[in-house]
Amino acid sequence: MPITAPRNENFGKLAAGYLFPVIGKKKKDYMEANPGAKLISLGIGDTTCPLPGPIADAMAAYAKGLGTLEGYEGYDPKSESVLQEKIAKVLYNDMVKPNEVFISDGSKCDLGRLQILFGQAATVAVQDPAYPVYVDSSVIFGRSAACDPTTKQYPGITYMPCTMDNGFFPDINLAKDSDIIVFCNPNNPTGACATRAQMESLVKFAKDNGKIILFDSAYAAFITDPDCPKSIYEIEGGREVAMESSSFSKLAGFTGVRLGWITCPEELKFADGTPVKQDLARIMSTLFNGAGSVAQAGGLAVLDNMEEVKAIVKYYGENAKLIRECLTECGITYFGGTNAPYTFAHFPGKDSWDMFDEILTKCEVVTTPGVGFGPAGQGYVRISAFGQRDNVIEACARLKKHFKKE
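The structure displayed is predicted, hence computed values, not measured ones.

Procedures and definitions
- Residues numbered from 1 in each chain as written.
- Predicted model: local features only at pLDDT ≥ 70, side-chain atom pairs only at ≥ 80, totals over all residues.
- Heavy atoms only, no water.
- Axes fitted to C-alpha atoms, helices over the stretch in contact; angles between N-to-C directions.
- Helix = DSSP H or I, 4+ residues; strand = E, 2+ residues; numbered from the N terminus.
- Left-handed = near helix turned anticlockwise from the far one by under 90°.
- Contact = heavy atoms within 4.5 Å.
- Nonpolar A, V, L, I, M, F, W, Y, C, P; charged D, E, K, R; others polar.
- Buried < 20%, exposed > 50% of the residue type's maximum accessible area, 1.4 Å probe, protein only.
- Lys, Arg positive; Asp, Glu negative; His and termini not counted.
- Salt bridge = Lys/Arg side-chain N within 4 Å of Asp/Glu carboxyl O.
- Pairing = 2+ DSSP bridges.
- Core = buried A, V, L, I, M, F, W, Y, C linked by side-chain atoms within 4.5 Å.
- Phe/Tyr/Trp six-rings, centres within 6.5 Å; stacked < 30°, edge-to-face > 60°.
- Lys NZ or Arg CZ within 6 Å of the ring centre and 35° of its normal.

J.: Kindly report on the packing of helix 1 (residues 19-33) against helix 12 (residues 352-363), identifying the contributing residues and their values.
T.: Where helix 1 meets helix 12, the closest approach of the two axes is 12 Å, and the angle between their N-to-C directions is 35°. Between helix 1 and helix 12 lies a crossing of right-handed hand. Along its contact with helix 1, which presents Leu19, Val22, Ile23, Lys26 and Tyr30, the element helix 12 presents Trp353, Phe356, Asp357, Leu360 and Thr361. For the contact of helix 1 with helix 12, the per-class residue count stands at seven nonpolar, one polar and two charged.

J.: Report on the side chain of Lys277, specifying residues and quantitative values.
T.: As for its position among the elements, Lys277 is in helix 9 (residues 276-286). Glu266 provides the closest opposite charge to the buried, salt-bridge-free Lys277, at an N-O distance of 4.6 Å. Ignoring sequence-local partners within four residues, the contact set of Lys277 consists of Asn99, Glu100, Phe102, Cys264, Pro265 and Glu266.

J.: I'd love a proper account of the environment of Ala125, names of residues and values included.
T.: Along the chain, the position of Ala125 falls in strand 3 (residues 124-128). Taking the C-alpha atoms as reference points, Ala125 and Gly156, separated by 31 residues in sequence, lie 9.1 Å from one another. In contact with Ala125, other than residues within four places in its own chain, are Thr158, Met160, Ala175, Ser178, Ile180, Ile181 and Val182.

J.: Let's hear about the sheet that holds strand 7 (residues 242-247): which residues, and what values?
T.: Taking strand neighbours across the sheet as the criterion, the seven strands line up as 2-8-7-6-5-3-4 in an open arrangement whose pairing is mixed. Because the sheet does not close on itself, it has two edges, and the strands there are strand 2 (101-104) and strand 4 (158-161). Across this sheet, the average inter-strand angle for adjacent strands is 20°, counted without regard to direction. Judged from the four bridges that link them, strand 3 and strand 4 form a sheet pairing that is parallel. Its bridge partner being in strand 4, Gln127 is matched across the sheet by Met160. Here helix 9 sits on the sheet and contacts strand 2, strand 6 (212-216), strand 7 and strand 8 (260-263); the angle it forms with strand 2, its principal contact strand, is near 25°.

J.: Provide a residue-level description of the environment of Cys109, including the pertinent values.
T.: Position of Cys109 relative to the elements: it lies in helix 4 (residues 107-113). Assessed through its relative accessible area of 30%, Cys109 is described here as partly exposed. Between the C-alpha atom of Cys109 and that of Asn305, which follows or precedes it by 196 residues, the distance is 26 Å.

J.: I'd like to hear about the nonpolar core, residue by residue, with values.
T.: In terms of nonpolar packing, the biggest core is built from 43 residues, with Ile87, Ile213, Ile232, Phe248 and Val302 touching the most fellow members. Apart from residues no more than four positions distant in its own chain, Ile213 is found in contact with Ile181, Phe183, Leu202, Val203, Ala206, Ile232, Val241, Ala242 and Met243. Core analysis: the next-biggest nonpolar cluster, separate from the first, contains 41 residues, Leu111, Val182, Ile212 and Phe373 among them.

J.: Pulling in residues and values, what's your account of the sheet that holds strand 12 (residues 368-369)?
T.: The strand order across the open sheet built from four strands is 9-10-13-12, with neighbouring strands paired in antiparallel fashion. Whereas interior strands pair on both sides, the edge strands pair on one side only; in this sheet they are strand 9 (334-336) and strand 12. In this structure, strand 12 lies alongside strand 13 (residues 380-384), joined through two bridges in antiparallel fashion. The residue bridging Thr368 from the neighbouring strand is Arg382, located in strand 13. The strands that helix 11 (residues 306-330) touches are strand 9, strand 10 (342-346) and strand 13; relative to strand 10, the one it contacts most, it runs at about 10°. Each of strand 12 and strand 13 touches helix 12; the most contacted strand, strand 13, lies at about 45° to it.

J.: For the packing of aromatic side chains, give the residues involved together with the corresponding values.
T.: Summed over all chains, the structure comprises 21 aromatic pairs. Judged by centre distance (5.7 Å) and plane angle (85°), the ring pair of Tyr131 and Tyr134 falls under edge-to-face. On the basis of relative accessible area, Tyr134 is assigned to the buried category, the value being 2%. A network of ring pairs unites the aromatic residues Tyr219, Phe222, Tyr315, Tyr316, Tyr342 and Phe386 as a single cluster. For the cation-ring pair, Arg382 lies above Tyr342, with the distance from its terminal atom to the ring centre recorded as 3.9 Å. Over the face of the ring belonging to Tyr315 we find Arg389, whose NZ or CZ atom lies 4.3 Å from the ring centre.

J.: Requested: an account of the pairing of strand 6, with residues and values cited.
T.: Buried residues dominate strand 6, accounting for five of its five residues. Side chains of strand 6 alternate between two faces, with Ile212, Leu214 and Asp216 and Ile213 and Phe215 buried alike. Pairing between strand 5 (residues 180-184) and strand 6: five bridges, direction parallel. Bridged to Phe183 within strand 6 is Phe215.

See below:
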């Protein structure tokens, strides 16, 4: 008898493959055609620096302890409550309470899980360009129609363009008919970072219009400008309108270790008055079994060794400076790269994928096409600072050789 279980029809609405596997295939195809090529990847935002010794040692010691009767732990490791307390204190300066911190396996997973919180009819507004997970997860949960082949957008999702004309901070009023505003700061891919005044306008709009903000602060560690808040809870009223998703991935090089958190203040409520935190706790207990205890041991060590962690963040920031200087020498207009690890290089009148291919084949440097993050990214490529210094220097030399005008 034929299978009767129906497919989630929303998967059929998704456009071509997810951005980063497509880039991976292009790299693979190029290497197969050019076996001797020495590609340098400044594309996917994967960290490259080794973990500081105390952090790796803490995870190794904990893992070794699991092999003893005294050190073994299963579900609900004792570290979780301690980690909640340390995140609240070290990273939020007690702006949130420990019981408002939900430990997870990373921001990307959280952004998908958070979709479950909202009713089927809830509508979403996103920055454009933006991290593809925001849009793709919304489509999968039935918040849109199929992708429009002309606009490359999904009807039903509100796109808030972030362009050079608005300083890469969107017109928030476009979200007036949306229930949820997904906002990433510093922004991926543009590298733009909202000022305090801009964040205040975002929170005010949400309060005045009854919106919930899903605030992605995965790159907050890279903010150096004192006028740019690292958390939405630095803004008065932020606790009433926002959840914040963040991660140890870019803060501490945990892209493979996998550890993150969601903060959900007690003040945040649904339209019917139910505390959002109540339902989030149910999701995290029903559909998630907790972050790995070894990863949590590493997270505690991160928070105990912040100077070493910040030194690596600074190292990537210095890479971003080299990339900015390179683009300046090449006469290429760029944005970002100061309070973020990403620099957004502009090639007016050019197709993003064409520029990706040109840089790949002529410079043997992998970037990320801006249009892969949304239609407003057309004509840009994102260059990541997450590389080893010698590779960044060599990549810059290759870019100068190709683009620099004599």
